[in-house]
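# Commentary on secondary and tertiary structure
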Amino acid sequence: MANPSLLILAGDGIGPEVMAEVKKIIAWFGTRRGVTFDVSEDLVGGCAFDKYGTPLHDDTMAMAQAVDAVLLGAVGGPKYDKLDFSLKPERGLLRLRKEMDLYSNLRPAQCFDALADFSSLKKEVVAGLDIVIVRELTSGVYFGEPRGIFTEGNERVGINTQRYTESEIARVARSAFELARRRANKVCSMEKANVMESGILWREVVQEIHDKEYPDVDLSHMYADNGAMQLVRWPKQFDVIVTDNLFGDVLSDCAAMLTGSLGMLPSASLGAPMANGRPKALYEPVHGSAPDIAGQGKANPIACILSFAMALRYSFNMGDDATRVEKAVEKVLADGVRTADLMGPEGGKPVSTSQMGDAVIAALDASL
Ligand code: IPM
Ligand code: MG
């Protein structure tokens, strides 16, 4: 059987640094677990623009379509802020998501016990938190037409369109219900059905799919603004939250902060099943390229490492090994190993990006 294949797109800023630690773990799987990944590498974002004049080369796009999974670091940086919109680093990421049709974006927000003091919220509010936001990723206002900046009379007008078809809502709803069945069996769907027609349709379709196909799952609906408030008030009331592209973008940043550090959170973007029965998939940390600390060995590689763990679970049918990586991360944190972003007000000596990676490898060794 062919080796599992992986395309690594480390991208910009801290992307290459955090990805270097994941590569150590991939190598560890080769030597210690006898699982060899066929790894290819290419560019995305600003670095791709520097080399190819485009944030995502067509050849890179074709490679992404051909592999079992894509692992992405981060894109963007101040150097590219003035570029034309279509050439911005983010467009490379959006093209990958769109052309691979990765409609279901899983963003777990999990609070590690060792970091519960670290949240900006009270410990009892976040300790033990384990929720997943399922964000629709390929439609809605980020892609809807018409869009653009036009001139009307003597002034300009900026237009974006929120647009959802029934089938787009139905497929992400199914993805959320499937996930919930493997967890606490609870889904809360968020929209603004009080003011948006697309929200009314969203609510109706989610309810229909529930009633026809997933009546066993506990489904509730919430307006997204209330959802934001509930997330900071008492986040443990949720298990799986399903929502559209824009609300999911905002709510997932909010949920991420509950856990203490954005540097900890992975994500999976999943599409329709491929010939091997596994979904098309791209895995990436929720954090961005953090240009302010890039190249200094300060970045926390855990979100990228946990993104690889999600790849093991969702793309490579290696759920036990995914858990092994997650437990190794938990162990390292429990042992007090901290990158700079995890230093509390009491201070201490942070480890570097690569020391954090080495600590995870040591914990993996100990797990055998
Ligand atoms: C995210 C990011 C992206 C988005 C940007 C980088 C295009 O904020 O993944 O949440 O808006 O989707
Ligand atoms: Mg975002």
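Note that this is a predicted model, so its numbers are computed, not measured.

## Focus on the domain arrangement of the protein chain
When the domains of the protein chain are assigned, the result is domain 1 (1-107 + 262-368) and domain 2 (130-258). The centre of domain 1, based on its C-alpha atoms, is set 25 Å off from the matching centre of domain 2. Opposite the 17 residues of domain 1 that make contact, domain 2 presents 19 residues. Here domain 1 meets domain 2 over a buried area of about 1,600 Å², counting both sides, of which 56% is carbon and sulfur. Counting every contact that joins domain 1 to domain 2 gives one salt bridge. Asp101 is the partner of Arg171 in a salt bridge, and the nearest nitrogen-oxygen pair spans 2.9 Å. Joining domain 1 to domain 2, the criterion identifies seven residue pairs in polar contact (both at pLDDT 80 or more).

## Section: the pairing of strand 11 (residues 266-273)
In terms of burial, strand 11 is a largely internal element, six of the eight residues being buried. Pairing analysis gives three bridges linking strand 4 (residues 104-110) to strand 11, with the strands arranged antiparallel. Bridging across to strand 11, Leu106 finds its partner in Ala268. Bridging between strand 11 and strand 12 (residues 279-285) involves six bridges; their strand directions are antiparallel. Pairing of Ser269 across the sheet is with Leu282, part of strand 12. The turn linking strand 11 back onto strand 12 is made up of five residues, and Gly277 within it adopts a positive phi angle of 85°.

## Quick word on the packing of aromatic side chains
In this structure the tally under the stated criterion is six aromatic pairs. Ring geometry for Phe29 against Phe308: centres 6.0 Å apart, planes inclined by 70°, an arrangement best described as edge-to-face. Placement of Phe29 in helix 1 (residues 15-33) and of Phe308 in helix 10 (residues 302-314) is noted, with a sequence separation of 279 residues between them. This pair shows no difference in class: Phe29 is buried, exactly as Phe308 is.

## Digging into the site of ligand 1
In the neighbourhood of ligand 1, the contacting residues comprise Glu90, Arg97, Arg107, Arg135, Tyr142 and Asp249. One nitrogen or oxygen atom from the side chain of Arg97 is found 2.7 Å from an oxygen atom belonging to ligand 1. Here Arg135 contributes a side-chain N or O atom positioned 2.8 Å from an oxygen atom of ligand 1. Summarising the interface, the protein chains cover 73% of the accessible area of ligand 1, which totals 320 Å² for the free molecule. Here the shell around ligand 1 is composed, by residue class, of one nonpolar, no polar and five charged. Per-domain counts for the shell around ligand 1 show at least three residues from each of domain 1 (1-107 + 262-368) and domain 2 (130-258).

## Points about the packing of helix 6 (residues 166-181) against helix 7 (residues 197-213)
With their axes 9 Å apart at the nearest point, helix 6 and helix 7 run at an angle of 50° to one another. Between helix 6 and helix 7, the interaxial angle falls into the category oblique. Here helix 6 runs over helix 7; the crossing is right-handed. Where helix 6 abuts helix 7, its residues Glu166, Ile169, Ala170, Val172, Ala173, Arg174, Phe177 and Arg181 lie against Leu201, Trp202, Val205, Val206, Glu208, Ile209, His210 and Glu213. For the contact of helix 6 with helix 7, a count of residues per class yields 10 nonpolar, one polar and five charged.

Conventions used here
- Residues numbered from 1 in each chain as written.
- Chains lettered and ligands numbered in written order.
- Predicted model: local features only at pLDDT ≥ 70, side-chain atom pairs only at ≥ 80, totals over all residues.
- Heavy atoms only, no water.
- Domains from an automatic or database assignment.
- Contact = heavy atoms within 4.5 Å.
- Buried area = accessible area lost by both parts, 1.4 Å probe.
- Salt bridge = Lys/Arg side-chain N within 4 Å of Asp/Glu carboxyl O.
- Polar contact = N/O pair within 3.5 Å; in protein donor to acceptor, adjacent residues only side chain to side chain.
- Buried < 20%, exposed > 50% of the residue type's maximum accessible area, 1.4 Å probe, protein only.
- Helix = DSSP H or I, 4+ residues; strand = E, 2+ residues; numbered from the N terminus.
- Pairing = 2+ DSSP bridges.
- Phe/Tyr/Trp six-rings, centres within 6.5 Å; stacked < 30°, edge-to-face > 60°.
- Near = heavy atom within 4 Å.
- Areas by Shrake-Rupley, 256 points an atom, 1.4 Å probe, with all protein chains shown as cover.
- Nonpolar A, V, L, I, M, F, W, Y, C, P; charged D, E, K, R; others polar.
- Axes fitted to C-alpha atoms, helices over the stretch in contact; angles between N-to-C directions.
- Parallel < 35°, antiparallel > 145°, perpendicular 65-115°, else oblique.
- Left-handed = near helix turned anticlockwise from the far one by under 90°.

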